[in-house]
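Residue-level listing of the chains:
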Amino acid sequence: MFSRRWRNLIGLIVFVLPLVAGCELLSHFTRNNQEHTEKEPLTGAPGKHSFRLGQFIFLADFEIRKDHPLFKDLGSLREQVNRELRLPSSQREVWVYLFEDKARYEKFMQTKYRDLPIRRAFFVVQPRRLGGAEDLNVYTYLGDNIHQDLRHELTHALLHCSLKNVPIWLDEGLAEYFELPTSQQGVNVKHVEHMHQMNAKFDLVRLEKLQDVHQMTSVEYRESWAWVHMMLRTTPQAKQALLNYLHDLRNNPNLPALRPRLVNAIPSVSPELAVQSHLGELGRQALRNTNVR
Ligand SMILES: [Zn+2]
């Protein structure tokens, strides 16, 4: 069951086919539809209906309402991310599989990606079995968080379209920053409150050593977000350090750590003190907004 809020996203669900039929339908669909290029079929994934939104191709087993406000917002995400991070735009296709419920999504993910932790949504760079380019796939299901989750995963996809590599902490920090509605300017009030309550500590050296998705708990997600927010929203020098790093990641997948660049960019204060003080300011802002309401 999906919430009432997201029911409007769906047109008529014609009928439900056995999961195994999915790949046949997808093959059939891609052969007969000139809208997008051929793709390796994905057994068990939705594929009866699809539509393209720029470089994003949404696939589902229900009819998708293309005029839903969700898609208008997602249509502007690419420009927002590329403009703010000064990334070149890419036409590389991103395949977005929308499952109609959590059970089908989890069954698929547990079958295909046994080693991944359980999350509401995933971005996966999928090597093709027959060789050639990799597919960029996003998986999620209709639920209350679908808008935020899609913004998060599609941010990962956009980064991977332009960059040769993205360190995992930075990948998650940027996705957490852009997952919020544009009007929030990247401020995640829940993260701010949580970090204050937990008296969060900051350690970019530790964060930059993380290599594996399993090492990223909610603590690391929040800390990564705070670093990104500090760099993008405090001083032009801190922002430039991040933009230069991203620029270099366009050609070099093995860059050394970002922290020394940040030390050079803001020499008057340690990066850890800068992010701590930025979080304090965000906390005071959140408090003022609460009092005003
Ligand atoms: Zn993520």
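Residues numbered from 1 in each chain as written. Predicted model: local features only at pLDDT ≥ 70, side-chain atom pairs only at ≥ 80, totals over all residues.

**Structural notes on the packing of helix α6 (residues 168–178) against helix α9 (residues 218–233)**
Consideration 1: Where α6 meets α9, the closest approach of the two axes is 7 Å, and the angle between their N-to-C directions is 75°. On the basis of their axis angle, the class for α6 and α9 is roughly perpendicular. Each of W169, E172, G173, L174, E176 and Y177 in α6 lies in contact with α9, whose residues at this interface are E220, Y221, S224, W225, W227, V228, H229 and L232. (Axes fitted to C-alpha atoms, helices over the stretch in contact; angles between N-to-C directions. Helix = DSSP H or I, 4+ residues; strand = E, 2+ residues; numbered from the N terminus. Parallel < 35°, antiparallel > 145°, perpendicular 65-115°, else oblique. Contact = placed C-beta atoms within 7 Å.)

**Let's talk about the packing of α9 against helix α10 (residues 236–249)**
Consideration 1: One can describe the packing of α9 onto α10 by two numbers: an axis separation of 6 Å at closest approach and a directional angle of 115°. Residues M230, M231 and L232 of α9 form the contact with α10, whose participating residues are A238, K239, A241 and L242.
Consideration 2: Residues of the contact of α9 with α10, tallied by class, amount to 6 nonpolar, no polar and 1 charged. (Nonpolar A, V, L, I, M, F, W, Y, C, P; charged D, E, K, R; others polar.)

**Brief notes about the nonpolar core**
Consideration 1: Core analysis: the largest hydrophobic core is formed by 65 residues, its most contacted members being V94, V96, Y97, L98, V138, L154 and A157.
Consideration 2: Tallying contributions element by element places helix α5 (residues 146–162) first for this core, with 7 residues.
Consideration 3: The two domains that each donate at least three residues to this core are domain 1 (4–162) and domain 2 (172–292).
Consideration 4: Here A157 is in contact with V94, F123, L136 and V138, once residues within four sequence places are set aside. (Core = buried A, V, L, I, M, F, W, Y, C linked by C-beta atoms within 7 Å. Buried ≥ 20, exposed ≤ 12 C-beta atoms within 10 Å, placed from the backbone. Domains from an automatic or database assignment.)

**A closer look at the sheet that holds strand β2 (residues 56–60)**
Consideration 1: On the basis of which strands lie adjacent, the open sheet formed by 5 strands has the order β1-β2-β3-β5-β4 and mixed pairing. The open sheet is flanked by β1 (49–53) and β4 (121–127), the only strands paired with a single partner. Strand-to-strand twist in this sheet, taken as the mean axis angle between neighbours without regard to direction, amounts to 20°.
Consideration 2: Contacts from α5 reach β2, β3 (94–99), β4 and β5 (134–141), with the element oriented near 170° to β5. (Pairing = 2+ DSSP bridges.)

**Some points on the environment of V263**
Consideration 1: As for its placement among the helices and strands, V263 is situated in helix α11 (residues 259–265).
Consideration 2: Classification of V263 by C-beta neighbours within 10 Å gives partly exposed; the count is 14.
Consideration 3: For the pair V263 and A238, spaced 25 residues apart in the sequence, the C-alpha separation amounts to 9.2 Å.

**Description of helix α4 (residues 102–112)**
Consideration 1: Those residues of α4 lying buried are Y105, F108 and M109. In an axial view of α4, the angular spread of the buried residues amounts to 95°, which keeps them on one side of the axis. In α4, the exposed positions angled more than 90 degrees off the buried face are occupied by A103, Q110 and T111.
Consideration 2: Residues of α4 that are buried sit in contact with β3, β4 and β5. (Arc of directions from axis to C-beta.)

**Some details on the pairing of β2**
Consideration 1: Among the 5 residues in β2, 4 count as buried, and that is most of the element.
Consideration 2: Where β1 lies against β2, 5 bridges are found, and the strand directions are antiparallel. Its bridge partner being in β2, H49 is matched across the sheet by A60.
Consideration 3: The antiparallel hairpin formed by β1 and β2 contains 2 residues in its connecting segment, where G54 sits at a positive phi of about 60°.
Consideration 4: Where β2 meets β3, 5 bridges bridge the pair, whose relative direction is parallel. Pairing of L59 across the sheet is with Y97, part of β3.
Consideration 5: Following the backbone out of β2, through helix α3 (residues 69–85) and into the adjacent parallel β3, one traces a crossover that is left-handed. (Right-handed = clockwise from strand over helix to strand, strands pointing away.)

**With respect to the confidence of the model for the protein**
Detailed reading of the predicted coordinates is not advisable wherever pLDDT falls low.
Consideration 1: Scored by pLDDT, the protein comes out at a mean of 86, with 86% of its residues at no less than 70.
Consideration 2: Confidence drops under pLDDT 50 across residues 1–8; counting only partners more than four residues distant or on other chains, this segment forms 13 contacts.
Consideration 3: Considering only residues more than four positions removed or in separate chains, one finds that residues 10–35, a stretch of pLDDT under 50, has 29 contacts. (pLDDT = per-residue confidence, 0-100.)

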